[in-house]
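# A structural walkthrough
Single-letter residue listing:
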Amino acid sequence: MRFSARWRSSKYTEENWSSPEKATQPRMDYQDKLDGIESRFEALTAQMADPELINDPAAYRGVAKQHSELDPVVAKYREYKQVKS
């Protein structure tokens, strides 16, 4: 009995694997991503002080939830920046 090569998929061909040409695509650096998270955290902190948001419990709860999710990441990032400098 002879096996056919039907199991081979075109998505696993050599031209679909990473190459130096494809490596030139821009990538987001972890530092940039953490800076973005920190700025989002600061924006959420400012929003939580807004009287309009405070008067809308559902919206405030949503902002507070996002803020609390980012808090440990931002705390560790700030600690890292302090140790690094």
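Our subject in this report is the structure included herewith. If you're wondering where the values come from, they're calculated on a predicted model, not measured in any experiment. (Residues numbered from 1 in each chain as written. Predicted model: local features only at pLDDT ≥ 70, side-chain atom pairs only at ≥ 80, totals over all residues. Heavy atoms only, no water.)

### A closer look at the pattern of salt bridges
Applied cut-off: By convention in these notes, a salt bridge is any Lys or Arg side-chain nitrogen within 4 Å of a carboxyl oxygen on Asp or Glu. Where helices and strands are cited, they refer to DSSP runs of H or I of at least four residues and of E of at least two residues respectively, numbered from the N terminus. Burial classification: accessible surface area is computed with a 1.4 Å probe over protein chains only, and a residue below 20% of its type maximum counts as buried, one above 50% as exposed, and the rest as partly exposed.
Counted according to the given criterion, the structure contains five salt bridges. Between Arg78 and Glu38 there is a salt bridge, with the nearest N and O atoms lying 2.9 Å from each other. Residue Arg78 is found in helix α3 (residues 57–84), and its partner Glu38 is found in helix α1 (residues 30–48); the two are separated by 40 residues along the sequence. Taking the relative accessible area as the measure of exposure, Glu38 reaches 10% and is therefore buried. Two residues, Lys76 and Glu79, come together in a salt bridge whose shortest N-O distance is 3.9 Å. Of the two residues, Lys76 and Glu79 both sit in helix α3, three residues apart, roughly one turn of that helix. What makes Lys76 exposed here is its relative accessible area of 56%.

### What about α1?
The criterion, for reference: Here the expected length of a helix is defined as 1.5 Å per residue gap, with one fewer gap than residues. An arc is given here, and it is the one of the directions from the helix axis to the C-beta atoms. Residues count as neighbours in contact if any of their non-hydrogen atoms are within 4.5 Å of one another.
Look at α1: 27 Å from first C-alpha to last across 19 residues, which is about the 27 Å you get at 1.5 Å a residue. Those residues of α1 not exposed but buried are Gln31, Glu38, Phe41, Leu44 and Met48. For α1, the buried positions fall inside an angular range of 145 degrees around the axis, keeping them on one side. Exposed and oriented more than 90 degrees from the buried face of α1 are Lys33 and Ala46. On its buried face, α1 sits against α2 (51–54) and α3.

### A short note on the packing of aromatic side chains
Put simply, the rule reads: In this analysis, rings of Phe, Tyr and Trp, with Trp reduced to its six-membered ring, are considered paired at centre separations within 6.5 Å, and the interplanar angle assigns stacked below 30 degrees, edge-to-face beyond 60, and tilted for intermediate values.
Taken as a whole and assessed by the stated rule, the structure comprises one aromatic pair. Judged by centre distance (6.5 Å) and plane angle (20 degrees), the ring pair of Tyr77 and Tyr80 falls under stacked. With Tyr77 and Tyr80 both in helix α3, this residue pair falls three residues apart, about one helical turn.

Structural measurements only, silent on function.
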